[in-house]
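# Architecture and fold: a report
One-letter residues, chain by chain:
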Amino acid sequence: MSAPSSGHGKTAIAVGLLAALSGRGVPTAGFKVGPDHTDAAYLGLAAGRPGRNLDPRLVGAQRVAPLFAHGASGAQVAVIEGAMGLFDSLTGQPEIDGTASVAAALRAPVVLVVDVAAMGHSLAALVHGFRMFDEMVHLGGVILNRVASERHEQMLRSAMDDIGMPVLGALHRGDLPNVLPARTHGLVPVAHRTVEAGRAVRRLGEAVSGSLDMDRLMALAASAPPIPGPLWTPAEAAGDERFDQRPLIALAGGQGAPYTYVETAELLTAAGADVAVVDPLRDEVLPPGTRGLVVGAGLPEGYAEELSANRRLCAAVAQFARDGWPVVAEGVALPWLGRELDGRPMCGVLDATATTGEQTVAGYREATAPGTSVLAPAGARITGYKQHRAVVTPRHGANPAWTWSGGNPEGFVWRQVHASQLALHWAAAPEIARRLVSAAHAGPQGTQPSQAPQSFHAPSLHGPQSSPNSHGSQNGMHSGSPAGHPAMPPTQGGPGGQGGPGGQPSGMPPVQGSPAVPGPPRPPQPVPTGMLPGQGPGPPMACLPVRTARRTTCRSVPGRPDHPSTCRPARAPAARRSTCRPVKALAASRSTCCQATAPGRTARPATFPWDRVSAPDSACRVPACRSPASRTPVCRRPLARRPPTTERRPR
């Protein structure tokens with residue numbers, strides 16, 4: 001099911017067609033071309049089985065037919081909804097990842113949905129051009145959408161008869177209700193099996209069944225030849241791993257659909273794990289006995305408020321990650337593991353904040369793993385897709401999750417946490433499931449395993465294509481040599497501990513409001529000689545001014561005893577009784593005054609020029625140091641009076 005471009009109504013008609021066929025008792029299966037989770041979820045809801053994605057860019061062109069055969073097993077009719085126009089592509093290469101290329105690979109007939117609200121006999125030229133553009137694509141019929149009147153329909157049917165193109169149905173204006181939930185909700189209505197989603201699918205099925213020629217559509221589907229190539233199976237792809245006890249891995253999702261691709265759960269099960277569903281929007285605890293967590297990119301960013309409100313689950317996930325259990329986060333799950341998103345507190349596992357931008361970042365990335373993680377060994381290459389509006393600061397941690405040419409590194413790798421906004425299709429690299437299950441079975445053990453549970457043997461991205469069930473492909477992971485998890489030093493300072501080679505820097509303070517328990521306090525350390533406040537070893541410490549007997553001193557912020565104060569107490573008042581004294585003279589003509597900031601922020605030294613310097617205690621002209629938050633004076637020096645002058649200045 002395709003169209004000349006987006007906006008012609010192919011999604012609603014495809015969902016309605018599946019609902020109408022299911023209502024007749026015909027076993028059906030729904031597929032979506034491209035990486036979109038939302039349309040695939042509604043197609044699966046209408047078909048009564050999970051909807052799947054067919055993306056040649058993510059999984060490799062050689063895996064499209066085997067994955068389709070696996071997903072359509074047991075179905076009599078399969079409906080594949082295209083992406084954008086029939087010959088469009090996100091990458092500008094429709095011969096690789098366009099809808100037409102998928103139709104040619106499956107040798108499936110194409111039904112073209114055309115919005116004819118403002119079209120007459122020009123429809124014949126449009127359809128004829130689509131039919132003749134690619135001889136490998138079989139255009140089997142046309143569905144007319146938004147027909148104005150009966151006379152308009154007759155004129156359009158006459159135009160189609162002139163070129164010999166069958167008309168498989170016509171929907172007049174208002175026949176196809178706009179009842180699907182807004183796309184900002186993503187697949188959440190399907191995952192939660194809301195009444196709104198079920199009613200929308202049922203109404204679309206009723207509208208389509210009364211306007212389309214169902215018998216001719218089923219006959220057209222039956223004319224498709226058998227699927228070429230072998231059948232893709234999760235057990236053969238991931239390997240049937242045997243453990244003495246199957247580890248339990250929690251997969252984010254709902255009762256209706258997971259927040260990731262369906263093959264992820266199948267590969268985890270085939271790799272030797274038991275999969276349990278946890279909903280970050282509703283569940284307050286992880287399933288009992290969880291040894292691993294996977295949060296896919298299907299969760300929309302519009303639910304940031306609901307994610308933040310579920311404080312109990314945030315605390316449980318934070319403690320789970322800090323204890324060293326494997327966590328894989330994609331899409332909005334990266335900001336969810338950070339400190340805050342749009343000012344709302346999140347889990348606090350990663351030292352990062354995020355804000356929602358105005359523009360949407362979307363596109364494919366040829367990613368490379370810069371280091372070994374629970375997801376991939378160092379040097380592994382894979383194709384992913386990202387679509388988000390959240391801007392994460394900083395963009396990456398000490399150990400990034402991915403790098404790619406033409407862009408900055410992205411993501412965080414800390415202990416056994418792998419978080420990135422890049423979404424992966426695990427069918428392209430089934431080794432991911434094996435590594436994750438092996439890490440979950442091994443447990444935290446204080447450090448990561450010293451040897452990788454499985455090695456990658458995939459060829460290069462530009463190498464020869466392999467079989468559909470092999471461990472690699474042109475889009476699969478590639479590693480120059482097998483590598484394992486790096487050893488990590490023992491953690492210190494409680495559950496938060498010190499960062500290892502895969503995450504936060506050593507000694508990073510716990511995030512305020514997070515469930516982390518601070519470690520034992522360390523004694524204050526003096527600032528080395530010749531070093532200004534805010535410099536020196538360790539992160540700078542915020543300070544608060546305290547007025548005592550016309551002197552300015554500094555103390556540490558409450559709740560931050562694990563860092564030395566970077567403020568130096570003022571010396572005794574000089575003969576001039578100055579209320580502010582320079583901390584350190586930078587040069588013969590400059591001085592430094594400690595400028596306090598709001599609690600939790602870094603103190604900054606402020607420099608001011610001297611008017612005259614005759615002695616250390618000479619009069620100086622120093623503006624008042626003011627706090628950026630309260631704008632109240634913190635320290636002052638008396639101003640020196642200049643001698644009167646008798647010179648007259650020209651006007």
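This is a predicted model, so every value here is computed, not measured. (Residues numbered from 1 in each chain as written. Predicted model: local features only at pLDDT ≥ 70, side-chain atom pairs only at ≥ 80, totals over all residues. Heavy atoms only, no water.)

### Observations concerning the overall build of the protein
For the protein, the count of helices and strands is 17 helices and 22 strands. The proportion of buried residues among the 651 residues of the protein is 52%. Relative to all contacts within the protein whose residues are 6 or more apart in sequence, the contacts with residues 24 or more apart total 70%. Surface accessibility of the protein: about 28900 Å² in total, with carbon and sulfur atoms responsible for 52%. (Helix = DSSP H or I, 4+ residues; strand = E, 2+ residues; numbered from the N terminus. Buried < 20%, exposed > 50% of the residue type's maximum accessible area, 1.4 Å probe, protein only. Contact = heavy atoms within 4.5 Å. Areas by Shrake-Rupley, 256 points an atom, 1.4 Å probe, with all protein chains shown as cover.)

### Digging into the sheet that holds strand S2 (residues 52-54)
Strand order in the open sheet formed by 3 strands is S2-S1-S3, with parallel pairing between adjacent strands. Every other strand in the sheet has two partners, leaving S2 and strand S3 (77-81) as the edge strands with one partner each. The sheet shows a mean angle of 35° between the axes of neighbouring strands, taken without regard to direction. Across 5 bridges, the pairing between strand S1 (residues 28-33) and S3 is parallel. Bridging from a neighbouring strand, Phe 31 pairs with Ile 80 of S3. (Pairing = 2+ DSSP bridges. Axes fitted to C-alpha atoms, helices over the stretch in contact; angles between N-to-C directions.)

### Observations concerning the sheet that holds strand S16 (residues 417-420)
An order of S8-S7-S9-S10-S16-S15 is seen for the 6 strands of this open sheet, with the pairing classed as mixed. With one partner strand each, in any of the chains shown, strand S8 (274-278) and strand S15 (412-414) form the two edges of the open sheet. Strand-to-strand twist across the sheet, computed as the mean angle between neighbouring axes with direction ignored, equals 15°. The sheet contact formed by strand S10 (residues 327-330) and S16 spans 4 bridges and is parallel. Within the sheet, the bridge partner assigned to Val 327 lies in S16 and is Val 417. With respect to the sheet, helix H17 (residues 431-442) is in contact with strand S7 (248-252), strand S9 (290-295) and S10, its orientation differing from that of S9 by roughly 145°.

### With respect to the packing of aromatic side chains
Evaluation of the coordinates by the stated rule reveals 5 aromatic pairs. Here the aromatic rings of Phe 31 and Phe 68 are separated by 4.8 Å at their centres, their planes lie at 45°, and the arrangement is tilted. Within this pair, whereas Phe 31 is found in strand S1, its partner Phe 68 is found in helix H4 (residues 64-71), the two being separated by 37 residues in sequence. Taken individually, Phe 31 and Phe 68 each receive the classification buried, so the pair is uniform in this respect. An aromatic cluster is built from Phe 87, Phe 130 and Phe 133, whose rings are joined through pairwise contacts. (Phe/Tyr/Trp six-rings, centres within 6.5 Å; stacked < 30°, edge-to-face > 60°.)

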